[in-house]
Amino acid sequence: MNTANIKKYAPKARARFIDTMTRQAARVGISPDGKGGAVIAPLELKGDVLVMTAQDGQTHTVPAHLKRAREALAVWVQRDGFTQAIEQAAYSWFNRLCAIRYMEIHGYLDHGRRVLSGAGGEAGQFQILEECLEVDLPGLDTARVRELKLDGTQDETLYRELLLAQCHALHEAMPFLFEPLDDASELLLPNNLTKTDSLIRELVEAIPEEDWQDVEVIGWLYQFYISEKKDQVIGKVVKSEDIPAATQLFTPNWIVQYLVQNSVGRQWLQTYPGSPLKGQMPYYIEPAEQEPEVQAQLDAITPASIDPETIKVLDPACGSGHILVEAYNVLKAIYEERGYRTRDIPKLILENNLFGLDIDDRAAQLAGFALLMKAREDDRRILTRNVRLNVLAMQSSQHLDANTLWRDLNLTGDWHQGQSQSLFDSEQQDLSSNDTTYKLMADLIERFQDTKTFGSLIEVPNEWEVPLKALLEELSELTNSGDMMQKAAAQRLVPIVQQAWVLAKRYEAVVANPPYMGSKGMNKALKDYAKSAYPNSKSDLFAIFMEHAFSLLAPQGYNAQINMQSWMFLSSYEKLRDWLLDNTTIITMAHLGGRAFDSISGEVV
């Protein structure tokens, strides 16, 4: 793939999206204070408009019906800080527009029209706007669409409503990427979307359609979008929120194939050496012929048969999902070889085989999207099959309180409803303190306090897998059918339980391009955690991930990673080398030398 266009466009797009949404916030009286926080102008309701006087003395007015949206935006920037909130909003809208662009080019939108370009791909034209009277989207008011279209002067308003309706429709299939568009997010979507200098037109013009043909484009967009942020933080002590930008690196496709084919593929070929899968894996390394005694030992630990649905693959730092997409390819060939129906394979792979974790919410969104688009190539109805993806953005539990959640969930029915809480607190706390589910929940909340710093390095005992699965099913049931308190509590707890369940499982293959960060770049919390939990590999995150991945493996599982070469030579990794030689078997290793990654310089990877 020619990445030159993406490399040129994406960093500029980030700056443009952030600037545009900063100006959009200013129009409703919310501006930066110069320290990362926000200045929020007071509101005054005058008839059908809200009047705000901004910090610079300018007066802004917006329709009164936007009061709730403006209040939601104010809460957001106060909670996360102006800089962080606007950056998140910009990233979210960039991801959504890129996803729609990919889908419209591939013909994956149900109504069959292009949303961001003309019918023939023309920039500045919008097929969905031209043919809006024939478009059916959930929640779209067809009478209003007709009224705006016939007016002839309302194209900007009409297009905005069509775009938002498209996002709402995609929420059903991809809630992780097209989150419910809350009032604040919609408010930050800029005006003038159909104009010549709009964000949409820039996207369509900057990247030719031929560069959108492979889902790999999603990963390159992600890498180059955050490249400027990476330059800003690299070489410094990195804050937790900046770790993704400082450590993200998109892996060349041939390296991903090498890793997956010699782990997931090797699992299959050990049991089925005559499998035609071997002919589809150009980077597979054929095992050497062994002495009879050694071969007998290998045969003894090789399963006689493998159920494809039991092959579990984890990428513990999945970024935009490139490794998971390649694992999908190998697993698809395995399912086909075993005679599964073609239309059943994509959903089976996504729900049973592939697992991904990342501390970056936006990266995990893109990973989930990339996997669904890969599956869509094989099953045109995959977006309507209610697929349960196991690709997660890891979440912190800092905002959760075990006692409050336990009371609201009322799993045992011990909590008295409609009574003065203080009368029963001590009695009911005694009841909960002896409950194994309460203890599990409380432990998880304590364990995941620093998730956005430690990510998938947080250890969860394997014996918790079954109780976590049971708790997850119970919470899912409450999310659908519980009372108001139970639903809200379950929704808050589900992400924590889900990520714990993924970390409690054991995998046939852990495949990763882990983050690279030396101890000089680690913040204090991360450095202290590395010293205490990973003394053999504490010098760099990549080495910690090397060591940690073995604890996530099932017996005879494969740990396949691309790392910096320093672990082979430096004295600081001597204990790690001793541990590897004593406890693991190196099956295949390639020392690539410099320039393995076209996108970076240096001789280290």
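Look above for the structure.
None of the values given here were measured: they were computed from a predicted structure.

Caption draft 1: Region of interest: the overall build of the chain. When its secondary structure is counted, the chain shows 26 helices and 10 strands. Against the compact-globule benchmark of 25 Å for 605 residues, the chain has a radius of gyration of 26 Å, which places it among compact chains. By residue count, 52% of the 605 residues in the chain fall in the buried class. In the chain, once contacts between residues fewer than 6 apart in sequence are set aside, the share between residues at least 24 apart is 71%. Accessible surface for the chain amounts to roughly 27,500 Å². Of this, 48% is attributable to carbon and sulfur atoms.

Caption draft 2: Just the pattern of salt bridges, in detail. Inspection of the entire model under this criterion finds 26 salt bridges. We note a salt bridge from Arg 14 to Glu 87, for which the minimum N-O separation is 3.3 Å. Of this pair, Arg 14 sits in helix α1 (residues 4-26) while Glu 87 is found in helix α3 (residues 82-106), placing the two residues 73 residues apart along the sequence. The partner of Asp 378 in a salt bridge is Lys 332, with the nearest N and O atoms 2.8 Å apart. You can see Asp 378 sitting in helix α17 (residues 361-378) and its partner Lys 332 sitting in helix α15 (residues 322-337), a full 46 residues away along the chain.

Caption draft 3: A look at the nonpolar core. If you look at the biggest cluster of nonpolar residues, it comprises 139 residues, and the most contacted ones within it are Phe 17, Leu 73, Leu 116 and Met 373. Among the elements that make up this core, the one with the highest residue count is α3 (15 residues). Not counting the four nearest positions on each side in its chain, Leu 116 is found in contact with Leu 97, Ile 100, Arg 101, Glu 104, Gln 125, Phe 126, Tyr 159, Leu 163, Ile 200, Leu 203 and Val 204. The next biggest cluster of nonpolar side chains, apart from the first, holds 52 residues, and it includes Phe 355, Leu 409, Ile 445 and Ala 504.

Caption draft 4: Quick peek at the packing of α3 against helix α9 (residues 217-225). Where α3 contacts α9, the axes come no closer than 11 Å and their chain directions differ by 155 degrees. The angle between α3 and α9 places the two elements in the roughly antiparallel class. Pair α3 / α9 crosses with right-handed handedness. Between α3, through Ala 90, Tyr 91, Phe 94, Cys 98 and Tyr 102, and α9, the contact on the second element is made entirely by Val 217, Leu 221, Tyr 222 and Tyr 225. Taken together, the residues of the contact of α3 with α9 break down into nine nonpolar, no polar and no charged.

Caption draft 5: Main features of the sheet that holds strand β4 (residues 49-53). As summarised here, the arrangement of the three strands in space is β3-β4-β5, forming an open sheet in which the pairing is antiparallel. Either end of the sheet is taken by a strand with one partner, and the two such strands are β3 (43-46) and β5 (59-63). If you compare each strand with its neighbour and ignore which way they point, the axes differ by 30 degrees on average. Pairing analysis gives four bridges linking β3 to β4, with the strands arranged antiparallel. Bridge pairing links Lys 46 to Val 49 in β4.

Caption draft 6: Broad picture of the environment of Leu 348. Tracing the chain through its elements places Leu 348 in helix α16 (residues 345-353). Residues Leu 348 and Gly 107 lie 241 residues apart in sequence; the distance between their C-alpha atoms is 24 Å. Discounting chain neighbours no more than four positions away, the residues touching Leu 348 are Glu 309, Tyr 335, Tyr 340 and Asn 353.

Caption draft 7: The arrangement of a nonpolar patch on the surface in detail. A surface patch of nonpolar side chains, about 210 Å² in accessible area, is lined by Val 294, Leu 298 and Ile 301. Its location among the elements puts Leu 298 in helix α14 (residues 292-301). Residue classification places Leu 298 among the partly exposed positions, given a relative accessible area of 33%.

Caption draft 8: Broad picture of the sheet that holds strand β9 (residues 507-512). The strand order across the open sheet formed by five strands is β8-β7-β6-β9-β10, and the pairing between neighbours is parallel. Of all strands in the sheet, those bounded by a partner on one side alone are β8 (391-393) and β10 (553-561). Ignoring strand direction, the axes of neighbouring strands in this sheet form an average angle of 15 degrees. In this structure, strand β6 (residues 313-315) lies alongside β9, joined through two bridges in parallel fashion. From the neighbouring strand, Leu 314 faces β9, where its bridge partner is Val 510. Across the sheet, helix α13 (residues 264-271) touches β6, β9 and β10, and the angle it forms with β10 is around 135 degrees. Most of the contacts of helix α25 (residues 541-551) go to β10, to which it runs at about 160 degrees, and overall it touches β9 and β10.

Caption draft 9: Region of the structure containing the packing of α3 against α17. The N-to-C vectors of α3 and α17 enclose an angle of 10 degrees; their axes lie 11 Å apart at closest approach. Considered as vectors, α3 and α17 are oriented roughly parallel to each other. Judged by residue contacts, Gln 88, Tyr 91, Ser 92, Asn 95, Ala 99, Tyr 102 and Met 103 of α3 engage Arg 362, Ala 363, Gln 365, Leu 366, Phe 369, Met 373 and Glu 377 from α17. Of the residues in the contact of α3 with α17, the class split is eight nonpolar, four polar and two charged.

Caption draft 10: Molecular detail of the packing of aromatic side chains. Counted by the stated rule, this structure contains 19 aromatic pairs. The interplanar angle of 75 degrees and the centroid separation of 5.5 Å between the aromatic rings of Trp 406 and Tyr 438 together place this pair among those described as edge-to-face. Of this pair, Trp 406 sits in helix α18 (residues 402-409) while Tyr 438 is found in helix α20 (residues 436-447), placing the two residues 32 residues apart along the sequence. Like Tyr 438, Trp 406 is buried.

Basis of the calculations
- Once a new chain begins, its residue numbering starts again from 1 and follows that chain's sequence as written.
- Only residues with pLDDT of at least 70 get local features here, since the model is predicted, and only at 80 or more are side-chain atom pairs given and counted; chain-wide, interface and lining totals rely on the full set of residues.
- Here the side-chain values reflect all heavy atoms present in the structure, with hydrogen atoms and water set aside.
- Helix and strand labels come from DSSP, where a helix needs a run of H or I of at least four residues and a strand needs a run of E of at least two; each type is numbered from the N terminus.
- Restricting the calculation to C-alpha atoms gives the radius of gyration, and the globule rule supplies 2.2 Å times the number of residues raised to the power 0.38.
- Burial here depends on accessible area, computed with a 1.4 Å probe over protein chains only, as a share of the maximum for the residue type. Under 20% is buried, over 50% is exposed, and the range in between is partly exposed.
- Contacts are residue-level and defined by heavy atoms, with any inter-residue pair within 4.5 Å sufficient.
- Exposure was quantified through the Shrake-Rupley algorithm and a 1.4 Å probe, taking into account, for residues, occlusion by the shown protein chains and nothing else.
- When a carboxyl oxygen of Asp or Glu is within 4 Å of a side-chain nitrogen of Lys or Arg, the pair counts as a salt bridge.
- The definition of a nonpolar core used throughout is a set of buried Ala, Val, Leu, Ile, Met, Phe, Trp, Tyr and Cys residues joined through side-chain atoms within 4.5 Å.
- Orientation is described by lines fitted to C-alpha atoms, with helices fitted over the stretch in contact, and by angles between N-to-C directions that extend from 0 to 180 degrees.
- By definition in this entry, angles of less than 35 degrees are roughly parallel, angles greater than 145 are roughly antiparallel, angles of 65 to 115 are roughly perpendicular, and the rest are oblique.
- In a left-handed crossing the near helix is turned counterclockwise from the far helix by less than a right angle, and in a right-handed crossing that turn is clockwise.
- Lys, Arg, Asp and Glu make up the charged group, whereas Ala, Val, Leu, Ile, Met, Phe, Trp, Tyr, Cys and Pro make up the nonpolar group; the residues left over, Gly among them, are polar.
- Criterion used throughout: strands pair if DSSP finds at least two bridges between them.
- Surface patches are defined over residues having more than 30% relative accessible area and no salt bridge, joining like charges when they lie within 9 Å and nonpolar side chains (Val, Leu, Ile, Met, Phe, Trp, Tyr) when within 5 Å.
- Here a pair means two rings of Phe, Tyr or Trp (six-membered ring of Trp) with centres within 6.5 Å. Their orientation is stacked below 30 degrees between planes, edge-to-face above 60, and tilted elsewhere.

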